[in-house]
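Breakdown of the fold
Listed below are the residues making up each chain.
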2 protein chains.
Amino acid sequence: MSDNETLVDELLAGKHRALARVITKIENRSPGYRDLVSQLHEHTGDAEVIGITGSPGAGKSTLVDKMAAEYRDRGETVGVIAIDPSSPFTGGAVLGDRIRMASNRGDMDVFFRSMSARGSLGGLSTATTDAVKALDAFGKDKIIVETVGAGQNEIEIVKTADTVAVLVPPGSGDDVQMLKAGILEIADIFVVNKADMDGADRTVKELREMVHMQDSAAMAGHHGAGALASDDETEDDDEDGWEPAIVETVAKTGEGVDEFLATLADHAEWLVETGELEAQERQRYTAEIRTLLREDTASLLAEEIDARGGLEGFVDDLVARETDPYTVADELIEPLEECVRDRREE
Amino acid sequence: MSDNETLVDELLAGKHRALARVITKIENRSPGYRDLVSQLHEHTGDAEVIGITGSPGAGKSTLVDKMAAEYRDRGETVGVIAIDPSSPFTGGAVLGDRIRMASNRGDMDVFFRSMSARGSLGGLSTATTDAVKALDAFGKDKIIVETVGAGQNEIEIVKTADTVAVLVPPGSGDDVQMLKAGILEIADIFVVNKADMDGADRTVKELREMVHMQDSAAMAGHHGAGALASDDETEDDDEDGWEPAIVETVAKTGEGVDEFLATLADHAEWLVETGELEAQERQRYTAEIRTLLREDTASLLAEEIDARGGLEGFVDDLVARETDPYTVADELIEPLEECVRDRREE
């Protein structure tokens, strides 16, 4: 507790070491991390959170480095969280190099940090949300959430951002086809990086066509969301008035980065003017509460199952056809239901 | 109840109309559907369940029709459930046509049925599992679960099968690359359909290379599983002793279908001999119980949230930074936790 308070004070005082320690506690779910995040929440709300996703090799890290450098030149502080849901390990050489690169510039205000899958997807997106809060409370002006891949996990994670940019490498139509799987619905901006490569124009053209099909794609995109999240999903797609922008960049040379940042600024402005920013914030909080509740009930159930000596015995009876899954589930859940209802009637 | 009993009796008596009505009740989660499935469970366990997935246009429905026809010629009864997680609607022209086709053959023992996403993924895979039970209890020898797409949802759904066949259309390496996203880990058999097309040999070659990388792919595949499901996931990949087979078919002409069915039979035999069949059954039951518990607690929480007048008020306080998500979650979950713990101490 008091250790937490010191940590929070140091973080709010702008100590990067405290920030790093807080994020580590969040990532490891160390004892007291919940209380830590609770204390940080009231200090959040000022940062602009940008999500960057896209298939491996699209040039995300190069673009993010250029973005960070440009924001720094403009005198804004930057925090970067790179997420790799597919890796069980944290840190990693790539990020290590990038941190060094940053400090070689003698620039300690670009804070790089990587986070990886420790367990469930819910766990990682919660950890990302919490880490963003730490950077926000710390006072970073721009927070960039960069995902390594572009799968369903990354989509969930990048949703913690106000503005989502999807990088698309120039190439065959297949690349654009692959976007259909949920990424199209969350993209506020498409960045065709490596725009100097062959096929860039074609990719841009295909993206334009897709953007005009977005609504129907968004409809298809709803299903497959966890029951608890589904209504938030519905709202996520409800972004009338902003048609995903398409910008071309060559991250290596920095070409087009200014235009990209300008488009990001346009979207940030649009979010405020339309009230979409608060709407999104409310959606995120709702989703956040539901995710936390889902995680809490999951562990509560795990507890209950352990207390019953695990599921093995139940499974034996199922295999022997002496009972059935619904009866087992009822047997396990009914006590909880009774508790809740009794309490409500009191 | 008594209505249910009549329905169950008629289903067990081999009345297809009762079977169809039971599956409709399952799909709509009509009152009493749980009790219905509970009654069916003891009559299950004799069918061979085959899952067929693969990207759209791979020729799944054509192959499934050929499989069904061939099984019928061998005097085995067949049930087909086609799942479309991306569609909110049920039935659909395609399936309608196929049912007609079946009955034109005067063959009522090929029972076609389509199911679609009514809500959550969990909901649909539970409904699929239950529908398979209905077909199993009915006495179908072979049950084919066919998915329309090949996304994460389809992967979850097709896991209800004993043997999973993944259809791969011949073409660019990109198609095979796309398989990496979770499908590789669940494939017992790869079917290169339209094997008469250009690029078929190359696709087969690429698949062989992938199969040898499977173990590492499987490692990466674990993450992103829901917390409750994760340990089942781990076991799913643990299929030592069966290297995914690769067969070539031309579903349109029926070419290679015999070899495919022979490979399916080989895998079914392997499942029994290695005890993997029961191991899988146990894994599925464990996953089934956990999924049901997750759904039950989800609705229990929804109830609790309604009783508290919804989340809006909490979200207002969050926006005003007067509270934080963890505190809200604790406030909502603590009563449940207390209930469970008090009961345990009794």
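Here's a quick rundown of the structure. (Residues numbered from 1 in each chain as written. Chains lettered and ligands numbered in written order. Predicted model: local features only at pLDDT ≥ 70, side-chain atom pairs only at ≥ 80, totals over all residues. Heavy atoms only, no water.)

Here's the deal with the pattern of salt bridges
Throughout the structure, instances matching the rule amount to 40 salt bridges over all chains. For D162 of chain A, the salt bridge identified is with R284 of chain A, shortest N-O distance 2.9 Å. Of the two residues, D162 of chain A sits in the loop between α7 (152–158) and β5 (163–168) while R284 of chain A sits in helix α14 (residues 276–307), which places them 122 residues apart along the sequence. Of the charged contacts, one joins E48 of chain B and K142 of chain B as a salt bridge, the two residues approaching to 2.7 Å between their closest N and O atoms. Of this pair, E48 of chain B sits in strand β1 (residues 48–54) while K142 of chain B is found in strand β4 (residues 142–147), placing the two residues 94 residues apart along the sequence. Taken together, the salt bridges that share partners define one network made up of E278 and R282 of chain A together with E312 and D316 of chain B. (Salt bridge = Lys/Arg side-chain N within 4 Å of Asp/Glu carboxyl O. Helix = DSSP H or I, 4+ residues; strand = E, 2+ residues; numbered from the N terminus.)

Some remarks on the nonpolar core
Counting 130 residues, the largest nonpolar core has L11, F190 and I289 of chain A together with L11, F190 and I289 of chain B as the members making the most contacts within it. One finds Y71, V78, L264 and L271 of chain B within the second-largest nonpolar core, a separate group that totals 27 residues. (Core = buried A, V, L, I, M, F, W, Y, C linked by side-chain atoms within 4.5 Å. Buried < 20%, exposed > 50% of the residue type's maximum accessible area, 1.4 Å probe, protein only.)

Focus: the sheet that holds strand β6 (residues 189–192) of chain B
All names here are of chain B. One open sheet holds the seven strands; their spatial order is β3-β2-β4-β1-β5-β6-β7, and the pairing between them is parallel. Since the sheet does not close on itself, it has two edges, and those belong to β3 (110–116) and β7 (245–248), each with one partner. Ignoring which end each strand starts from, the neighbouring axes of this sheet average 20 degrees apart. The pairing of β1 with strand β5 (residues 163–168) spans five bridges and is parallel. Counted as the bridge partner of G51 is V164 from β5. (Pairing = 2+ DSSP bridges. Axes fitted to C-alpha atoms, helices over the stretch in contact; angles between N-to-C directions.)

A closer look at the sheet that holds strand β6 (residues 189–192) of chain A
Residues and elements named next belong to chain A. Spatially, the seven strands line up as an open sheet ordered β3-β2-β4-β1-β5-β6-β7, and their pairing is parallel. Of all the strands in the sheet, just β3 (110–116) and β7 (245–248) have a single pairing partner and so form its edges. Put simply, the sheet's adjacent strands are angled 20 degrees from each other on average, direction ignored. Sheet topology places strand β2 (residues 78–84) next to β3; seven bridges connect them, and they run parallel. Pairing of D84 across the sheet is with S116, part of β3.

Comments concerning the pairing of β5 of chain B
Residue and element names in this part refer to chain B. Counting buried positions over the six residues of β5 gives six, a clear majority of the element. Along β5, one buried face is formed by T163, A165 and L167 and the opposite face, lined by V164, V166 and V168, is buried too. Bridge count between β5 and β6: four bridges; the pairing is parallel. By the bridge assignment for β6, V168 is matched with V192.

Overview of the packing of aromatic side chains
In this structure the tally under the stated criterion is four aromatic pairs over all chains. Measuring from ring centre to ring centre gives 5.7 Å for Y33 of chain A and Y326 of chain B, while their planes differ by 85 degrees; the resulting arrangement is edge-to-face. In this pair, Y33 of chain A is assigned in helix α3 (residues 33–41) and Y326 of chain B in helix α16 (residues 325–345), connecting two distinct chains. We note that Y33 of chain A, like Y326 of chain B, is buried. (Phe/Tyr/Trp six-rings, centres within 6.5 Å; stacked < 30°, edge-to-face > 60°.)

Let's talk about the environment of P244 of chain A
Residues and elements named next belong to chain A. By the secondary structure assignment, P244 is in the loop between α12 (230–236) and β7. The class of P244 is buried, set by a relative accessible area of 7%. In this structure the C-alpha to C-alpha distance between P244 and H212, which are 32 residues apart in sequence, comes to 9.4 Å.

Digging into helix α2 (residues 16–28) of chain A
Under the 1.5 Å per step criterion, the end-to-end length of α2 of chain A is 18 Å for 13 residues, consistent within 8% with the ideal 18 Å. Immediately downstream of α2 of chain A, the backbone of R29 of chain A shows phi near 50 degrees, a positive value. (Expected span 1.5 Å × (residues − 1).)

Remarks on the pairing of β2 of chain A
All names here are of chain A. The buried fraction of β2 amounts to seven of the seven residues, a majority that puts the element mostly inside the structure. Of the two faces of β2, the one lined by V78, V80, A82 and D84 and the one lined by G79, I81 and I83 are each fully buried. Pairing of β2 with strand β4 (residues 142–147) involves six bridges; the strand directions are parallel. Opposite I81, over in β4, you have V145 as the bridge partner.

Just geometry here; none of it tells us what the structure is for.
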